[in-house]
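Here is what each chain is made of, one letter per residue.
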Amino acid sequence: MWRTRAAAACVICRSLANSSYGIKRKSPLQNLHLVSRSIHHPHYPSSKFQRPPLRISAQLFSSLNRLPLHKTKLLNVKYGYQSHRNFWLARLASRLLKLRYLVLGSAVGGGYTVKKTYDQWKDMMPDLDEYKWIVPDFIWELDEHIDFEKLIKALPDADDLAKLLPDFDKIGESFTSLKGFFSPGYNLVSEVLGASDLLLLLGSSGETAFRATDQGYDNDKQFKKVSDKEKIDQLQEELLRTQLKYQRMLERLEKENKELRKLVLQRDDKGIHQRKLKKSLIDMYSEVLDILSDYDASYNTQDHLPRVVVVGDQSAGKTSVLEMIAQARIFPRGSGEMMTRSPVKVTLSEGPHHVALFKDSSREFDLTKEEDLAALRNEIEIRMRNSVKEGCTVSTETISLSVKGPGLQRMVLVDLPGVISTVTSGMAPDTKETIFSISKAYMQNPNAIILCIQDGSVDAERSIVTDLVSQMDPQGKRTIFVLTKVDLAEKNVASPSRIQQIIEGKLFPMKALGYFAVVTGKGNSSESIESIKEYEEEFFQNSKLLKTCMLKAHQVTTKNLSLAVSDCFWKMVRESVEQQADAFKATRFNLETEWKNNYPRLRELDRNELFEKAKNEILDEVISLTQVTPKHWEEILQKTLWERVSTHVIENIYLPAAQTMNSGTFNTTVDIKLKQWTDKQLPNKAVEVAWETLQEEFARFMTEHKGKEHDDIFDKLKQAVKEESIKRHKWNERAEDSLRVIQHNALEDRSISDKQQWDAAIHFMEETLQSRLKDTESVIEDMVGPDWKKRWLYWTGRTKEQNIRNETKNELEKLIKCNEEHAAYLANDEVTTVRKNLEARGITVDPCLIKDTWHQIYRRYFLKTALNHCNLCRRGFYYYQRHFVDSELECNDIVLFWRIQRMLAITANTLRQQLTNTEVRRLEKNVKEVLEDFAEDNDKKVKLLTGKRVQLAEDLKKVREIQEKLEAFIEALHQEK
C-alpha cells in the first residue's frame, strides 16, 4: 500500500515538473522524490534510469474573449521493464520478413485505389476560376500592400513565450514547505491539485497564463512554514505581472490591427474598387434621430428610439467619459462651472481618419491636430450660447455632432447638462427645474440606455442623479452605472469596502445592468487622451482595489465601458427598432386618412414646398410691376403729386401773388416763390410721392385676389415680405439733384404754344379752384351751422357759437360788398368796427373769432372772383400771344397754372422712367433677398406659414421620411446580422 501511494505521488510530481506550451524539460532522477526513485528500481540505479518526457499544455483564459476554463489534464504514463531473452534476433528477422509483404501489397493496392478516387473527385469539382469575382479584388492584392512576413516576425515565438512564464522552480520550492502539513501519498496529490485550481481561479479576472509544475521532494530537506495569505499574495503578484506582459502584447496587436483596418478603409475611401460605398449603420440611424429632433408634431413616437443618455451631477466627469469613449478632447473646458448648456448628440462611427463634423456643416475637424480641436471646442461653445434664449441658462435645442475614427465603438450618445442642487448667481431662476425636465424627457424613453455618471471622490450621500435615475428606471434594466475619479476615491475614502459596495450596487438605492470604475485623468485640462489612458492603466495595475478582488478586471477602464455600452446599445436597437417602424407606419396611415378626408382636392405640400410656391407667386407679382403702362404710372404720379403740393401752391404762391397791384409784381412774386419751393421742398416731395406710389402698386399686386387661385395661407408671408422689402429699399440719392434741375427748368418756361394748352391750363385752374371753393364752403358751414333749408328738412339747429359766427359772417359780407377790392387781411379799425356793430345787437365777439371768420369769408370771395376771371380768360389766348398789349384783360394766373401743370407732367414722366428702369428692379432684388433670408430661417417660416393644413402636411412628410429611413436601416441591420 505504501509503495502504491508513493508511485501515484511520483506520477503527479513528474507531471507538474514539465513545462507548458509543449516545451520539453528533462528532470534528473535525483530531483524526484525519494520514494519515487526506490519504486522504479529496486536496486536504486538512479544514474542510469531515464523516464520518457511528458508534455503538459496550460490553457490561456481571458475575461475579454470569454474562453472556457479547462483544467490541466495529466497524462497517465505506464512504465514497465523489458525482460532479457535468448534468440531475440531470429524472431525479429522473421517478423520483419512478414511485414515486408504486407507493406508492399498494401502500397500497390492502396495507391491504385487512391488514384481512382482522386480522379472521380476531381471530375466532380466545379471550375472555380469562374467564381473568382466573388472574392473582392483587394483580397488578391492584400499581400502587395501588407508585409505578412514582417507581421509574423513581429509575433513572439515559443522561446519568448517561455521566458514570459513564471519561474516554476521557485514555485516548486514553495510546495516543499507543505511537507509538514500533509502526509505522504494521496494527501500531497490532493493539495497540489487544489493549489492549481486556486491559481486558475485567481487568474480568471484578466488575461494570464498558468502552468503547473512538479518538483521533487527530498526527505532530507527542511520545509519552511508559510501561511496561506502569503502564498496567495505571492501567486497574485506573479499572475498580475504575467497579465501585464500579455496585456501589452495584446495592445500591440490591437494597434497593428487598427493600422491595417485604417489602410483598408483608406483604400475604400479612395474608391479603388470603383464601387459605391453604402452608408454605415450608425450613420443611417443617426440620420433618423436628426430628423426626429426636428419633428415638431404633437406625436410622441419620436422619443422611443434607443440612444445612450449620459446623465450625472455637475462636474461628475460626464464630458470626460464621453471624450475617452470618443478618443478626443472635443468639449469646452471649465473648472467647476456649467459648460454643457444644451444637449449634445454625438454619433460615433468607425472611419479611416479621426475627424468630427456637425450635421449642418461640411467642415471636417481633424482631431489629430490641436488647432482643429481648439476650433471645434470653440464652435461647440458658440453653438451652445446661441441656442440659449435670453433670460435662460440652458437650452433644449440639440447640437448634433458626428465623430469618426479607427477603432471607435459605434453608438449614439447624448450628453445632457449636469444636474444641480442649487441655483447660483448669474443663472436663471428656473435652471434647476429646466435641467430636470430635459433629463427626464430623454430618460423616460423606454428604449434609452441611461449612462449614470457618479463622482467617486465625493460622498455618496450628496448624489442627486442616482435618485433621478432610480425614478426613471426602477428595475435597472437599461442603466449602466459609472464611478469616475476612482484614483481620488481610493486616496480619500477611509473604507475601501465602500467603493466595493458602490460597484456591487449595494450602496445606492438604484439598480443597473452593470457597474464600472474609470479614471479620466488627473484633472489637468491639457492632458492628452493617450496620457490619460496610460495613467488609467497604471493606476489599476497598482490599485489595491483590483489586487484585493474588490474590483474585477472587466469592470475597470473606459475601454471595457465603451465595449459594454456599445453592446447594450445595439442590443436595444435590434429589439426595438422594428416595433418603432410599425408605430410610424400606423401613424402615417392615420395622417394620410385625415388628409384625404379634409383636403381631397389639394396636394400634400409641406412647409418648404408651400414656401417655394409662395415665393414663385411673389416674384411673379413683382415682375408684374414692370408690365404697368407708362400712362398709368404718369397719371398716378401726377395726381398724387398735385394732391400733395396743391395746398402749398394755392396758399403760399397763388394767393400772395394775386394780392399784388399789377402783372409785373405778380410775376416777380411767383418766380421768387417758385424758385424757393423748387430748391427746398419740391424734389423731396416728388421722390416721396414716387416711393409711396411704388409701394401702393406693389401692395396692390401682392394683396390682389385672383379668384379661385387665391390661397389665403400665403397672406401672412406676402405681407411680411412686402414690409421687409420696403424697409430695405432705399431710393437713389442722386435722383433729387437731377429732378431739381428738371423741375426748375420746367417752371421757368412761360411760353404756351397753342390754344389747346391754354384751354388745358384753364381747365386745370378751374378744377383746382372749384375743389378749394367746395372745401371752403364746407368749412364755413361747419362754422355757422346749417342754413334754413337744412334746419327745416332735418330738424337741426345752430349752437350758440354758430349763431355768433353766423352774425359775424353776415357783418363781414357787408364789408366785402362795400369794398370788392378789399385786401386779404382786416385792419385793426375794421375789426373794432365789426365788434362794436355786433355788440350793438347784443353779441359779444372776440377779435380772434372775427379774424378767423374773415379768413374763410375772404377766401370764398377770392375763389369765386378767380373762377369768374378764369371764365373771362377762355378767350384770352389771342391777347396772351400779343402779351396783353392794348387790352385790359390780364391772365397771368392762367400762365402760372400752366407752368405748374407742365412741371407736374415733366416730373411724373421723369419719376416714371426712374421707377421702371431702376427702382422696380432694385425692389425685385430686395424681394429675392428677403425670400432667401426667410428660406434659411426655419422659425420665420413656421411663424408665417401656419394652420392645420400646413401642420398636417409637415407631419405627413416627416413620418414618411422617418419610416423610409427606418426600413432602410432595418434592412441593412438584417444584412449585417
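Residues numbered from 1 in each chain as written. Predicted model: local features only at pLDDT ≥ 70, side-chain atom pairs only at ≥ 80, totals over all residues. Heavy atoms only, no water.

Visitor: Sorry if this is basic, but what is going on with the overall build of the chain here?
Guide: Assigned secondary structure in the chain consists of 35 helices and 9 strands. Residues counted as buried form 42% of the 977 residues belonging to the chain. For the chain, the share of sequence-separated contacts (at least 6 apart) that also reach a separation of at least 24 residues comes to 80%. Accessible area of the chain: about 56,000 Å², with a carbon and sulfur share of 51%. (Helix = DSSP H or I, 4+ residues; strand = E, 2+ residues; numbered from the N terminus. Buried < 20%, exposed > 50% of the residue type's maximum accessible area, 1.4 Å probe, protein only. Contact = heavy atoms within 4.5 Å. Areas by Shrake-Rupley, 256 points an atom, 1.4 Å probe, with all protein chains shown as cover.)

Visitor: Sorry if this is basic, but what is going on with a negative patch on the surface here?
Guide: Residues E397, E929, E932, E936, D937 and D939 make up a contiguous surface patch of negative charge. At 3 residues, helix α33 (residues 892-936) tops the list of elements feeding residues into the negative patch. In this structure, E929 sits in helix α33. Assessed through its relative accessible area of 33%, E929 is described here as partly exposed. (Patch = residues over 30% accessible without salt bridge, like charges linked within 9 Å, V, L, I, M, F, W, Y side chains within 5 Å. Salt bridge = Lys/Arg side-chain N within 4 Å of Asp/Glu carboxyl O. Lys, Arg positive; Asp, Glu negative; His and termini not counted. Charge placed at Lys NZ, Arg CZ, Asp CG, Glu CD.)

Visitor: Explanation requested: the state of the cysteines in the structure shown.
Guide: The bond known as a disulfide is covalent and runs between the sulfur atoms of two cysteines. Enumeration according to the criterion identifies 1 disulfide in this entry. Each sulfur in the disulfide pair C873 and C891 lies 2.1 Å from the other. Taking the sign of the S-S torsion, about -100° here, the bridge from C873 to C891 comes out left-handed. With C873 in the loop between α31 (847-872) and α32 (877-881) and C891 in the loop between α32 and α33, this pair connects stretches of sequence that are 18 residues apart. No difference in accessibility class separates C873 from C891, as the two residues are buried. Its sulfur unpaired, C870 is 6.8 Å from the next cysteine sulfur, which belongs to C873. (Disulfide = S-S within 2.5 Å.)

Visitor: Help me understand the confidence of the model for the chain in this model?
Guide: Note: predicted coordinates in regions of low pLDDT should not be interpreted at a detailed level. In the predicted model, the chain carries a mean pLDDT of 76, and 72% of its residues have values of at least 70. The element-level mean pLDDT for the chain is lowest in helix α2 (residues 34-40), coming to 36, with strand β1 (residues 308-312) highest at 92. Below pLDDT 50 for its whole length, residues 1-85 participates in 129 contacts with residues either more than four positions away or in separate chains. Per-residue pLDDT stays below 50 along residues 296-301; that stretch engages in 12 contacts with residues further than four places along the chain or on separate chains. (pLDDT = per-residue confidence, 0-100.)

Visitor: Please clarify how a positive patch on the surface should be interpreted in this entry.
Guide: On the surface, K716, K727, K940 and K943 cluster together to form a positively charged patch. Where the positive patch is concerned, the elements lending two or more residues are α25 (715-728) and α34 (938-944). Relative to the assigned elements, K716 resides in helix α25.

Visitor: Just to check I follow, could you spell out helix α23 (residues 663-680) for this structure?
Guide: Owing to its 3.6 residues per turn, the α-helix brings residues three or four apart onto one side. Spanning 18 residues, α23 covers 26 Å between terminal C-alpha atoms, matching the ideal 26 Å at 1.5 Å per step. For α23, the complete set of buried residues consists of F666, N667, T669, V670, L674, W677 and T678. For α23, the buried positions fall inside an angular range of 160° around the axis, keeping them on one side. In the core, the buried residues of α23 are packed alongside α22 (630-658), α24 (682-703), α26 (735-748) and α33. If you check the start of α23, you find a side-chain oxygen 3.3 Å away from the backbone N of G664, and it comes from N662. (Expected span 1.5 Å × (residues − 1). Arc of directions from axis to C-beta. Polar contact = N/O pair within 3.5 Å; in protein donor to acceptor, adjacent residues only side chain to side chain.)

Visitor: Quick question: what am I supposed to make of the packing of aromatic side chains here?
Guide: Working definition: an aromatic ring pair is given by the centre-to-centre distance plus the angle between the planes. Summed over all chains, the structure comprises 16 aromatic pairs. Consider the rings of Y285 and F969, whose centres lie 5.2 Å apart with planes at 40°: the pair is tilted. With Y285 in helix α11 (residues 281-293) and F969 in helix α35 (residues 948-976), the pair connects residues that are 684 residues apart, well separated along the chain. Ring geometry for W642 versus F764: centroids 5.0 Å apart, planes at 55°, classification tilted. Taken together, the residues span a long stretch of sequence, with W642 in helix α22 and F764 in helix α27 (residues 755-784) at a distance of 122 residues. Pair check on accessibility: W642 and F764 agree, each one buried. Chaining the aromatic ring pairs together yields one cluster made of W642, Y654, F764, F862 and F897. Over the ring of F701 we find R700; its NZ or CZ atom is 4.6 Å from the centre of that ring. The aromatic ring of F611 is capped on one face by K941, whose charged end is 5.7 Å from the ring centroid. (Phe/Tyr/Trp six-rings, centres within 6.5 Å; stacked < 30°, edge-to-face > 60°. Lys NZ or Arg CZ within 6 Å of the ring centre and 35° of its normal.)

Visitor: Quick question: what am I supposed to make of the pattern of salt bridges here?
Guide: When their charged atoms lie close together, side chains carrying opposite charge are able to pair. By the definition in use, this model includes 40 salt bridges. Between E697 and R700 there is a salt bridge, with its nearest N and O atoms 2.6 Å apart. Of this pair, E697 and R700 both sit in helix α24, 3 residues apart, roughly one helical turn. Residue classification places R700 among the partly exposed positions, given a relative accessible area of 35%. The salt bridge partner of R874 is E766, with a shortest N-O separation of 2.3 Å. Of this pair, R874 sits in the loop between α31 and α32 while E766 is found in helix α27, placing the two residues 108 residues apart along the sequence. Taking relative accessible area as the criterion, E766 reaches 9% and is therefore assigned buried. Linked by salt bridges that have partners in common, R588, E592, E604 and R960 make up one network.

Visitor: Can you help me understand the pairing of strand β8 (residues 479-484) in this one?
Guide: Two faces belong to every sheet, and in a regular strand the side chains alternate between them. Taking burial as the measure, the 6 residues of β8 include 6 buried ones, the bulk of the element. Alternating residues of β8 divide into T479, F481 and L483 and I480, V482 and T484, and every residue in both groups is buried. When strand β7 (residues 449-455) meets β8, the two strands line up parallel, connected through 6 bridges. By the bridge assignment for β8, L451 is matched with I480. Following the backbone out of β7, through helix α15 (residues 465-472) and into the adjacent parallel β8, one traces a crossover that is right-handed. (Pairing = 2+ DSSP bridges. Right-handed = clockwise from strand over helix to strand, strands pointing away.)

Visitor: Sorry if this is basic, but what is going on with the sheet that holds strand β9 (residues 514-517) here?
Guide: Hydrogen bonding along the main chain pairs the strands of a sheet, whether they run parallel or antiparallel. Ordered by their spatial adjacency, 9 strands build an open sheet running β4-β3-β5-β2-β6-β1-β7-β8-β9, and the pairing between neighbours is mixed. At either margin of the open sheet sits one strand with a lone partner, and together these are β4 (365-366) and β9. Note: β1 against strand β6 (residues 411-415), 3 bridges, orientation parallel. The partner of V310 across the bridge, within β6, is D415. Along the sheet face, helix α12 (residues 318-326) touches β1, β2 (344-350), β5 (399-405), β6, β7 and β8 and points at about 160° away from the line of β6. (Axes fitted to C-alpha atoms, helices over the stretch in contact; angles between N-to-C directions.)

Visitor: Just to check I follow, could you spell out the nonpolar core for this structure?
Guide: Counting 100 residues, the largest nonpolar core has Y654, W677, W758, I894 and I900 as the members making the most contacts within it. No other element matches the 17 residues that α33 contributes to this core. With sequence-adjacent residues up to four places away left out, Y654 is seen in contact with V649, M765, L769, F862, A866, D893, L896 and F897. If you look at the next biggest cluster of nonpolar residues, it comprises 65 residues, including F365, V565, V577 and L952. (Core = buried A, V, L, I, M, F, W, Y, C linked by side-chain atoms within 4.5 Å.)

Visitor: Honestly, the pairing of β2 in this entry has me stumped. Any pointers?
Guide: Counting buried positions along β2 yields 6 of 7 residues, so the element is predominantly enclosed. One ladder, built from 7 bridges, connects β2 with β5; its direction is parallel. Each residue of the ladder has a partner; that of E350, found in β5, is G405. Relative to β6, β2 runs antiparallel, the two being bridged by 5 bridges. Of the residues in β6, the one forming a bridge with T347 is V412.

Visitor: Please clarify how the side chain of T678 should be interpreted in this entry.
Guide: Locating T678 in the fold gives a position in helix α23. Setting aside chain neighbours within four positions, we find T678 in contact with P683, R740, Q743, H744 and L747.

Visitor: I tried to follow unusual backbone geometry on my own but got confused; where do I start?
Guide: In most cases, non-glycine residues show a negative phi, while peptide bonds are predominantly trans. If you check the backbone angles, Q327 has positive phi at about 60° while not being a glycine. Positive phi values are uncommon outside glycine, yet K485 reaches one of about 55°. Here K485 is to be found in the loop between β8 and α16 (486-492).

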